[in-house]
Amino acid sequence: MLVELNKFRLADELAGANESIVELLRKAATAEVVSYENTMEGWGHSGVPARKKVEAVLALPLADRVALASAVAADLRFESGSDRYEFAFFELSESARKAGKELMGSMYKDVFGGGSFVLGSGEEGSRGAWEDAFRAANPNLRVCPACLVGVLETRIEGRSAIDLDHYLPKSLYPPLSIHGPNLVPLCSRCNSRAKGEKDPLQDGDRRRRLASVWFPYAGGGLGEAHLAFEVDGDSHTTVRLQATGQAKQRAENFDALYLVSKLWSEQLEAVHNSLCSGLAARGARRGAALTVAEISDELAIKAIEKASTRLETSNAYLVESYCRWLLSDPVTVNAFAEAVQKFPPPPAAVPDPAL
């Protein structure tokens, strides 16, 4: 993510659900013929996968069941592997992948679609409980950790108003369907409209290394990247997420995933006009336009103010970065000052001639 997120017992948060699935698959791989009753004996989870999904796994040849159990257990530990870790689920037969995907999909629907799960501590939880735990661990985060524009809304009539993103899509990585480190709350724009089913680790026909992306809960892009502003011949300014060195690839991959540069470029005109309007109004109230030096001071103050609210206020990061960019070059800040001086102040800001 762009924001560094705090973990909240992620190692344990969904351990009960995942351990139950792994144990089920291991039981299913103990003999040529295994009954549903024997497979589900001792099931330790408050939600139960659909019986027909379990029976589809039991119908697989023994070799496929053994491989499926091994792949799911291994992929749940991918974070502790090497940077070049290869997910085992991709190597399964087509029938094993299909049965495994449907089984994990059934568990996800049960757990996060209104059901509950067992935490590593033995407590029972739910999607709402998971979101509450996330918010408690990240109390200052009020905006989407991918774009810093969308707001993470609170619940509406008891139902979640945010999207729960699988960073590695559950359609492609079924073993991670209810894997804590793979789940992150995002705004609907980033999750549904920008990212969708994109695979962060796939670049055409080539697989990316784990270190080439910003995984949730494993560092954040704000410490490695910055926003670059580019003005074309029509004085139209665009924004681009940029980084150098080893972080360059991570920034490019993240931008391709969430299309944040496109979003910020679309937001920039409103940010520019808001800054101009506020500064023009200040000059109108005192009866004299602000000087370039005064405008520079105001931009510096605004940048500091917005830096302190990056995680709480929509577009604060964009405003902060734009102010710093304007101040980075005398030509740029002078051009902005001219725009402020030409900007029509709101009627309420014009001094009363009677005063």
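Anyway, here's the lowdown on the structure attached to this text. The model shown is predicted, which means the values in this text are computed figures rather than measured ones.

Pairs of packed helices are described in terms of their axes, by the angle between the two and the distance that separates them. The geometry of helix α11 (residues 292–307) relative to helix α13 (residues 330–342) is characterised by a closest axis approach of 10 Å and an angle of 100° between their N-to-C directions. The pairing of α11 with α13 is recorded here as roughly perpendicular in orientation. Between α11 and α13, the residues in contact are V292, I295, S296 and L299 and V333, N334, F336, A337 and V340, respectively. Partitioning the contact of α11 with α13 into residue classes produces 7 nonpolar, 2 polar and no charged.

A separate point is the packing of aromatic side chains. Under the criterion given, the structure shown has 16 aromatic pairs. The interplanar angle of 85° and the centroid separation of 5.8 Å between the aromatic rings of F8 and F134 together place this pair among those described as edge-to-face. Taken together, the residues span a long stretch of sequence, with F8 in the segment before α1 (10–13) and F134 in helix α7 (residues 127–137) at a distance of 126 residues. Judged by its relative accessible area of 6%, F8 falls in the buried class. Its relative accessible area of 3% is what places F134 among the buried residues. Consider the rings of F229 and Y322, whose centres lie 5.5 Å apart with planes at 50°: the pair is tilted. With F229 in strand β7 (residues 225–231) and Y322 in helix α12 (residues 316–327), this pair connects stretches of sequence that are 93 residues apart. Neither residue differs from the other here; F229 and Y322 are each classed as buried. Here the basic side chain of K170 rests over the ring of Y108, its NZ or CZ set 4.8 Å away from the ring centre.

Looking now at the pattern of salt bridges. Counting across every chain of the model gives 17 salt bridges. Between E102 and K98 there is a salt bridge whose closest N-O contact spans 3.1 Å. Here the residue E102 and the residue K98 both occupy positions in helix α6 (residues 94–112), the gap between them amounting to 4 residues, near one helical turn. Taking relative accessible area as the criterion, E102 reaches 28% and is therefore assigned partly exposed. For K98, a relative accessible area of 52% gives the class exposed. The shortest N-O distance in the salt bridge between R310 and E320 comes to 2.7 Å. A residue pair is termed long-range when its members are at least 10 positions apart, and R310 in the loop between α11 and α12 and E320 in helix α12 qualify at 10 residues. Taking the relative accessible area as the measure of exposure, R310 reaches 25% and is therefore partly exposed. Here the salt bridges do not stand alone but share partners, grouping E37, R51 and E55 into one network.

Another point: the nonpolar core. Formed by 107 residues in total, the largest nonpolar core has its most connected members in F112, L241, Y258 and W264. Those residues in contact with Y258, other than ones at most four positions away along the chain, are M1, A146, D165, Y167, L186, R189, C190, A194 and K195.

With that out of the way, let us pick up helix α5 (residues 62–75). In an α-helix, one turn spans 3.6 residues, which is why side chains three or four residues apart end up on the same side. Its 14 residues place the ends of α5 20 Å apart at the C-alpha level, agreeing with the 20 Å of an ideal helix rising 1.5 Å per residue. Taken as a whole, α5 has its buried residues at D64, R65, L68, A69, A71, V72, A73 and D75. Elements in contact with the buried residues of α5: α2 (15–28), α4 (51–58) and α6.

Another aspect to go through is the environment of R286. In this fold, R286 is placed in helix α10 (residues 260–286). What makes R286 partly exposed here is its relative accessible area of 45%. Taking the C-alpha atoms as reference points, R286 and K109, 177 residues apart in sequence, are found 61 Å from one another. Those residues in contact with R286 that sit more than four places away from it in its chain are T291 and E294. There is a polar contact of 2.8 Å between the side chain of R286 and the side chain of E294.

Rules used in this analysis
- Residues numbered from 1 in each chain as written.
- Predicted model: local features only at pLDDT ≥ 70, side-chain atom pairs only at ≥ 80, totals over all residues.
- Heavy atoms only, no water.
- Axes fitted to C-alpha atoms, helices over the stretch in contact; angles between N-to-C directions.
- Helix = DSSP H or I, 4+ residues; strand = E, 2+ residues; numbered from the N terminus.
- Parallel < 35°, antiparallel > 145°, perpendicular 65-115°, else oblique.
- Contact = heavy atoms within 4.5 Å.
- Nonpolar A, V, L, I, M, F, W, Y, C, P; charged D, E, K, R; others polar.
- Phe/Tyr/Trp six-rings, centres within 6.5 Å; stacked < 30°, edge-to-face > 60°.
- Buried < 20%, exposed > 50% of the residue type's maximum accessible area, 1.4 Å probe, protein only.
- Lys NZ or Arg CZ within 6 Å of the ring centre and 35° of its normal.
- Salt bridge = Lys/Arg side-chain N within 4 Å of Asp/Glu carboxyl O.
- Core = buried A, V, L, I, M, F, W, Y, C linked by side-chain atoms within 4.5 Å.
- Expected span 1.5 Å × (residues − 1).
- Polar contact = N/O pair within 3.5 Å; in protein donor to acceptor, adjacent residues only side chain to side chain.

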